Amino acid sequence: MEGEIQTIFNSKIEYNSNSEEFYKDYWQKGRVDSEDLSKQKYNAILKEFFPEGIKNKKVLEIGVGGKGGIIVHLKDENKVCGIDISDSAIFFAGELGLKVQKANLDTEKLPYENNSIDIIFAFEVFEHFANPQHAIEEINRVLIDEGILIISTPNPLTYHWPRLFYPQLFEKKAFKEFLMINGFDVAMYDDFMYSNSYTKVSRLGAEEKVWSYYSFAQKICSKDYNQLYIQGNYFWEQINDLGLRTRPVEAIELFRKSYLISGNLKAKLMLLLSLIYRLINNDVDEFFLLINELREEAKINNENKDEILYTFIMCEIELSKHNRSFFSTEDISVFIDELLKLPEKNSNYISNIYENYEKLKEFHNIK
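Our subject in this report is the structure included herewith.

Conventions we followed
Residues numbered from 1 in each chain as written. Predicted model: local features only at pLDDT ≥ 70, side-chain atom pairs only at ≥ 80, totals over all residues. Heavy atoms only, no water. Axes fitted to C-alpha atoms, helices over the stretch in contact; angles between N-to-C directions. Helix = DSSP H or I, 4+ residues; strand = E, 2+ residues; numbered from the N terminus. Parallel < 35°, antiparallel > 145°, perpendicular 65-115°, else oblique. Left-handed = near helix turned anticlockwise from the far one by under 90°. Contact = heavy atoms within 4.5 Å. Nonpolar A, V, L, I, M, F, W, Y, C, P; charged D, E, K, R; others polar. Expected span 1.5 Å × (residues − 1). Buried < 20%, exposed > 50% of the residue type's maximum accessible area, 1.4 Å probe, protein only. Salt bridge = Lys/Arg side-chain N within 4 Å of Asp/Glu carboxyl O.

Contact pair helix α8 (residues 265-274) / helix α10 (residues 285-300): the axes reach a minimum separation of 10 Å and the direction vectors enclose 135°. Looking at the two axes, α8 sits oblique to α10. For α8 against α10, the interelement crossing comes out left-handed. For the pair α8 and α10, the contacting residues are L265, K268, L269, L271 and L272 in the first and E286, F287, L290, I291, E293, L294 and E297 in the second. Across the contact of α8 with α10, the residue classes break down as eight nonpolar, no polar and four charged.

Take a look at the structure:
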């Protein structure tokens, strides 16, 4: 096509957080391409993530760009909308019959109602944000429950200009966790990558040859306490070489959300356990509130007594890693004795504690 639309490769404007100024003329007419590589790329993406196609959906693309993005291929069978910060991108998209609104997702809200969008696409755009947290919160707000976000980010080992902000966020694991803590169930696609010519490739042995990472993220339903619990457990299980939890803050937030939605005992117990990482920093109020509630529940509810006592002991084991303690030696002796009296069906609690049993007894001077 004569005058193929391209991004600029150099700019006289210093790259900073003023994205509106920087991207104003980011798109321009450039060299001629022999084939429509963008169309090939988007067709492959749609086939991969939506093999049955997309029809009768409200679809938003963030960062449409000057070539009409993916929504230009979806506009005939869906209600499509787009946003971009670049005046030049909006102009060129308009020439393709797309109405793209201007919005700065570093600071502004998306111009859509809560829970109003079925599918959102955001390709190679998050690395351009100075405030990606604001952007992901807005995406979560406008998506319906269980709505879908397809997002791609550049492998940090590849050249991708301009990108200056938060490079570590775009490590594959880090970005997945960024989406998770913001309310998404995420699948990362290791075997669905594109080279910089957007030729589909199979799984590659050398990561430095991978151009982009693709994520299929689904907004967690506001009432899905079980998925929030699963996400919380994912962060709780992040442990370093010293056996210390590295992501307890995220675990706390997710277990709390799960418990507040459901009142579920297992979520409450995991919230208590994770709160010991606030306890050791003298932030005690929430821990004390829960521990007192659970002490009373253990007195009157024999059915759940085993789970509660088990969690109390696990709290003490976790605290001992920091050379700290909460329960008295007498308490621990009672908890262990009561657990040893439990029916056979609860032997899994004993086996889970067993590897720490001697250390715990030694820590509390129990004979």
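With that settled, consider helix α7 (residues 248-262). The terminal C-alpha atoms of α7 lie 21 Å apart, and with 15 residues this matches the ideal 21 Å at 1.5 Å per residue to within 8%. Among all positions in α7, only P248, E250, A251, I252, L254, F255, R256, S258 and Y259 are buried. Where α7 is buried, its residues contact α5 (172-181), α6 (225-236), α8, α9 (276-279) and α10. At the exit of α7 stands G263, carrying a positive phi of roughly 70°.

Below, the discussion takes up the packing of α5 against α6. Orientation of α5 relative to α6, taken along the N-to-C sense of each, is 140°, at an axis distance of 11 Å. In terms of orientation, α5 and α6 fall into the oblique class. In this structure, the crossing between α5 and α6 has a hand that is left-handed. Between α5 and α6, the contacting residues are K173, E177, M180 and I181 on the first element and Q231, Y234 and F235 on the second. Of the residues in the contact of α5 with α6, the class split is four nonpolar, one polar and two charged.

Summed over all chains, the structure comprises 17 salt bridges. In this structure, E318 and R245 form a salt bridge, with 3.1 Å as the shortest nitrogen-oxygen distance. Residue E318 is located in helix α11 (residues 302-320), and its partner R245 is located in the loop between α6 and α7; the two are separated by 73 residues in the primary sequence. Assigned by exposure class, E318 and R245 land together as buried. With its nearest N and O atoms 2.8 Å apart, the salt bridge here joins E286 to R256. With E286 in helix α10 and R256 in helix α7, this pair connects stretches of sequence that are 30 residues apart.

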